[in-house]
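# Structural characterization, general
Listed here are the chains, written in short residue letters.
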Amino acid sequence: LAKTTQPISMDSYEGQEVNITCSHNNIATNDYITWYQQFPSQGPRFIIQGYKTKVTNEVASLFIPADRKSSTLSLPRVSLSDTAVYYCLVGPKSTSGTYKYIFGTGTRLKVLA
Amino acid sequence: GAVVSQHPSRVICKSGTSVKIECRSLDFQATTMFWYRQFPKQSLMLMATSNEGSKATYEQGVEKDKFLINHASLTLSTLTVTSAHPEDSSFYICSARDRGTGELFFGEGSRLTVL
């Protein structure tokens, strides 16, 4: 089970780019890295997923170095509505098996006006 | 995209009663579903893993007789909190793994308040 480590909290201002890094030193060969956003009293919402190098979608970018022992979620030009907790989750996209998805502490991002 | 629906989203019950929470995958089949519990300002804590047609696997410290999990079909898993007490008040979240793609999807969560 890949354990993840993230900063507990971060503050940013509206319009800035925010980078949140997650460490996952014992990531397995077939593990993917997925980032979720969670607002209070809601379930985690998928942001982005990657395996290696860089992935970009309409809301974020994900940077994964060659050794895959860490990953960085980049949120461009954050707004107040991006205030939330962000989790990185590591695990295989397996259709079978007994893999358990364990959440780390997450990063509580606060965007200030 | 794929949707996981939880019901009810909120429930208030008296101490000593049992409460059932349903988790449904609406447009995919899920051989595996996971149940998490989340206390205020804390991360999601895995309670158990349920596989369709077999007994759930509980994490250490989670009482299987108190948190009954049934995964009777490829689209439905239920969590029953038996003889609920105020300390069981929490936010319960399920997730389901797509049988075809292996992708993991989360429900909206169910807030349980035990009086």
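Look above for the structure.
Thresholds applied
Residues numbered from 1 in each chain as written. Chains lettered and ligands numbered in written order. Predicted model: local features only at pLDDT ≥ 70, side-chain atom pairs only at ≥ 80, totals over all residues. Heavy atoms only, no water. Helix = DSSP H or I, 4+ residues; strand = E, 2+ residues; numbered from the N terminus. Rg over C-alpha atoms; globule rule 2.2 N^0.38 Å. Buried < 20%, exposed > 50% of the residue type's maximum accessible area, 1.4 Å probe, protein only. Contact = heavy atoms within 4.5 Å. Areas by Shrake-Rupley, 256 points an atom, 1.4 Å probe, with all protein chains shown as cover. Lys, Arg positive; Asp, Glu negative; His and termini not counted. Charge placed at Lys NZ, Arg CZ, Asp CG, Glu CD. Pairing = 2+ DSSP bridges.

When helices and strands are tallied, chain A shows zero helices and nine strands. For chain A, the α and β elements follow one another from N to C terminus as β-β-β-β-β-β-β-β-β. In summary, chain A has a C-alpha radius of gyration of 14 Å against a globular reference of 13 Å for 113 residues, a match within 12%. A principal-axis box enclosing the C-alpha atoms of chain A has dimensions of 45 × 30 × 25 Å. Burial status across chain A gives 46% buried among its 113 residues. Partitioning the intrachain contacts of chain A with sequence separation of at least 6 by distance along the chain shows that 56% fall at a separation of at least 24. Accessible surface for chain A amounts to roughly 5700 Å². Of this, 52% is attributable to carbon and sulfur atoms. If you average the places of the 11 positive and of the 7 negative side-chain charges in chain A, the two averages end up 8 Å apart.

Our next topic: unusual backbone geometry. Glycine aside, a negative phi is what most residues show, and trans is what most peptide bonds show. Residue P8 of chain B is bonded to the preceding H7 of chain B through a cis peptide linkage, with omega at 0°. Of note, the phi angle at R77 of chain A is positive, near 45°, even though the residue is not glycine. Along the polypeptide, R77 of chain A turns up in the loop between β7 (70–75) and β8 (84–92). Although it is not a glycine, S83 of chain B sits at a positive phi angle of roughly 45°.

Looking now at the pairing of β8 of chain A. All names here are of chain A. Where burial is concerned, most of β8 is hidden: nine out of the nine residues are buried. Of the two faces of β8, both are covered, the one formed by A84, Y86, C88, V90 and P92 as well as the one formed by V85, Y87, L89 and G91. Pairing geometry for strand β3 (residues 31–38) and β8, over eight bridges, is antiparallel. Looking at the pairing, Q37 lines up with Y86 of β8. Of the pairings in the sheet, the one linking β8 to strand β9 (residues 107–112) comprises three bridges and is antiparallel in character. From the neighbouring strand, Y86 faces β9, where its bridge partner is T107.

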